[in-house]
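Spelled out, the chains give:
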Amino acid sequence: MAEAADFQGTSPSAARRWLRRTGALLAGAPLLAGLLQLPAAPVAQAAGQDSAQQASGSRTVSVALDSLSPSAPTGGDILTISGTVTNKGRQPITDAHVDLRTGPEIDTRSSIDSAARRTGHSPDADGTQIDDTYRQDFASLTPGVAQRFSIAVPVDELDLGDAGVYQLGVSLSGETSAQPWDQVLGIQRTFLPWQPEEADTKTRTTFLWPLISTGHMTAETGSNEQQTPVFRSDELAKEISRGGRLEQLVSLGRDLDVTWVIDPDLLASVDAMARGYRVQGEGDATAPGRQQAVAKQWLADLQKAVTDKEVVALPYADPDLASLAHNGTNVTGSLSRLKEATDVVANTVEPILHVKPNTDFAWPVNGAVDPSIVKVATSAGADKVITRSDSLEETGALPYTPSAARPIGGGTTAVVADTRLSTAFQGDLTRASAKTLSVQRFLAQSLALNLQTNQQRSIVVAPQRMPTASQAQAMAEAISSMQTGGWSESQNLGAAAKAKPDPAASTKVPSGSEYPSSLRKQELPRWAFEQIARTQAKLDSFRVILTDQSRVVTPFGRAINREMSTSWRGRATEAQNYRDGVEDYLDGLAAGVTLIDKSETKLSGRSATIPVTVQNNLVQDVDHLVLRLTSTSPTRLEFGGTGYAEQPVTVSGGHSQSVKFGTSANANGRVTVKAQLFTKDGKAYGPAVYFDVKVTEITATVMLVIGGGVLLLVLAGFRMYTQRKRAAAREAEEEGTDTSGDSGEAAQKPEGPVDRLQEESGPRPGAGDPEQPSDPGPDTPAESADPSGTGERVDR
């Protein structure tokens, strides 16, 4: 009564709480005493039974559903369910039998999720057992041994009501020696979509069928005219071979009404394989690729598969839009490379597939967006962004799933894919049981979505980018069942994007802080974009000197596109190795055009020519280069009055070219000269070469020696002239003396200086011969010690 007297929402007084507690203890004392007098064994036995039931309860047996056919039955069908049961316990199970159980109709999509998460058996939730006629018995189940079962039951025997989703359970019941009574020891539940008649209103469903792979081609190409491409490995050949992932996607998608979403890089890679390719080996070695026939067959099959189908082409190499938005926009040139990746799409897809692709769509990873991602996605020309409902979440209380198209401002449309349907085929589906469950859950969600309202809606399914072969098989099975189930009709992506938006649907793009951290951790870091920008800058400098730029620009441009690919997520080390390989290979090519090192050059005289050699190891000619020589000491060595000189350079492929520079020396000594190549836009190309020039200048002493020699030559000529003149005068005098009447020999005169000079100047004439000035003289006699006469040369 005291408690009843308390007002609601107030606490009783301390005195009243003490009275109540004391009374409860007094009243419970006799009962406690009685319990203490009971034997302890029954209590322990009860605890042991609970433990045994927990250990060998409804999870003792593993039930796997390997097939359920048809996946979406209609009236009059025979439902066949097959699979295996495996005893996971330690005791054999006797009197075992597999039964089917139908639960109540599931009327919400969230209820389907809840039912799929349950594991143990719950009599209330798992429904009633179907007639014993439709069950399979086992005498015994040995621990660890799998036993197969197969049950066929008319759908009419399931007592299904109106159209809807029903839970279907497959249970294994039996006895063990520890628990000798019939009980459910294992159960697996799935879903049965029931649409006995065509729905009045059908959901328009768009299913994206992605053909995307990792980057396979390198930047390296052969030196031949075809420029044979080099692949990192032959993994692509495995993917397109029979049974491979990409081969399965093409062969399965050919018969489905889907929208193909294709990475142009994949098409270009397979097309390159079909024309001939090589594969990287150890070191720099490459080996011929041998899967050209496989590549040609895959392309031919794909061309047939996409005939009259919608093809959406992503930017080349499927660039990671989120990484670019979060880490690359502040790096110069990143957005322009995204634009280039979009511009090359039309010239890649249409020539190969012979269909005109739709390039209006951008597809961020997992459809996760924020304002920066939307901005980047639309910067290259796309005006539609494929998102997902777990990113662009509903903020209102809509009792149904709205249509995919949402205007999000700026003329951009968000095409919101349904999360439950898009993620239905993730995980390992190599086991038949996993595939069956994923198919049935997808169909259940699709039908439940259609039953939400009588209003027709457009729904988009965007699965994982690179489904495995088993995932593709599950997707194809689900699409086929959905398209024949009576509640859905196909629609291409372009039509879904143009559908009338639901005015009550959310159009709010989440903020950057709401972007999933798990996805952000996998993004390309900023320094990756900086390396990409560095490689692009090197390519821009290299291309200007080439006479055939396409041989280099095209393979390297596409390789740089691959460096930004979404496929690098979760593969950071491989991404780094690929970027390093592209940059190193470009550095090696650029280094093929270089200056040859020079040793010391000796320069004598006031002017000379210095040759410098440019080597071109490329297969094509190089042009638009300028070679500049710069003197570090123009006062000693100069080029045409200045400290440097330039000359244009053109070198044929595989050759070298010597360029000669005229120099002038002003002083002797050693001068260092710098040789540097430049592009015509003034950017330095390659490393500089330094060499020494040793200048031997003409000194004053040397000039005096040369001047003295010239003077001696002049004096010798003058002396010869005077000698001849004297000789002529003497002859004339002698002739005059003879005329005057003197006969006989001339009088003897003492020898004087004149006579000695005559002896020195030439030999005396022979006896009886007239003396000629030009006659050779005798050997010079010993010099006289007497002083020399005036005007005579004195030999020292």
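Please refer to the structure higher up on the page.
Below, the structure is looked at part by part. Keep in mind it's a predicted model, so treat the numbers as computed, not measured.

Our focus in this paragraph is the side chain of Ser631. Relative to the helices and strands, Ser631 resides in strand β25 (residues 622–631). Separated by 2.8 Å, the side chain of Ser631 and the backbone oxygen of Leu637 make a polar contact.

With that settled, the discussion passes to the side chain of Ser391. Structurally, Ser391 is set in the loop between β17 (384–388) and β18 (405–409). Residue Ser391 is classed as buried on the basis of its relative accessible area of 14%. In this structure the side chain of Ser391 is engaged in a polar contact, spanning 3.1 Å, whose partner is the backbone nitrogen of Val369. Ignoring sequence-local partners within four residues, the contact set of Ser391 consists of Gly367, Ala368, Val369 and Pro510.

With that settled, consider a nonpolar patch on the surface. A surface patch of nonpolar side chains, about 390 Å² in accessible area, is lined by Leu711, Leu712, Val714 and Leu715. As for its position among the elements, Leu715 is in helix α21 (residues 700–739).

We now examine the pairing of strand β9 (residues 203–211). With eight of nine residues buried, β9 lies mostly within the body of the structure. The pairing of β9 with strand β20 (residues 458–461) spans four bridges and is parallel. Counterpart to Thr205 in the pairing with β20 is Ile459. As defined by bridge partners, β9 adjoins strand β12 (residues 259–262) across four bridges and the pair is classed as parallel. Bridge pairing in β12 links Pro210 to Val261.

With that out of the way, let us pick up a negative patch on the surface. Side chains of Asp131, Asp156, Glu157 and Asp159 sit close together on the surface and give a patch of like negative charge. Inspection of the secondary structure assignment puts Asp159 in the loop between β6 (146–154) and β7 (164–175). Relative accessible area serves as the criterion here: at 69%, Asp159 is assigned to the exposed category.

Let's shift gears to the sheet that holds strand β26 (residues 637–638). Strands sit in the order β22-β24-β28-β26 across an open sheet of four strands; the sheet is antiparallel. The outermost strands of the open sheet, each flanked by one partner alone, are β22 (593–595) and β26. Looking at chain direction, β26 and strand β28 (residues 656–665) are connected through two bridges and run antiparallel. Bridge pairing in β28 links Glu638 to Ser664.

Definitions and limits used
- Residues numbered from 1 in each chain as written.
- Predicted model: local features only at pLDDT ≥ 70, side-chain atom pairs only at ≥ 80, totals over all residues.
- Heavy atoms only, no water.
- Helix = DSSP H or I, 4+ residues; strand = E, 2+ residues; numbered from the N terminus.
- Polar contact = N/O pair within 3.5 Å; in protein donor to acceptor, adjacent residues only side chain to side chain.
- Buried < 20%, exposed > 50% of the residue type's maximum accessible area, 1.4 Å probe, protein only.
- Contact = heavy atoms within 4.5 Å.
- Patch = residues over 30% accessible without salt bridge, like charges linked within 9 Å, V, L, I, M, F, W, Y side chains within 5 Å.
- Areas by Shrake-Rupley, 256 points an atom, 1.4 Å probe, with all protein chains shown as cover.
- Salt bridge = Lys/Arg side-chain N within 4 Å of Asp/Glu carboxyl O.
- Pairing = 2+ DSSP bridges.
- Lys, Arg positive; Asp, Glu negative; His and termini not counted.
- Charge placed at Lys NZ, Arg CZ, Asp CG, Glu CD.

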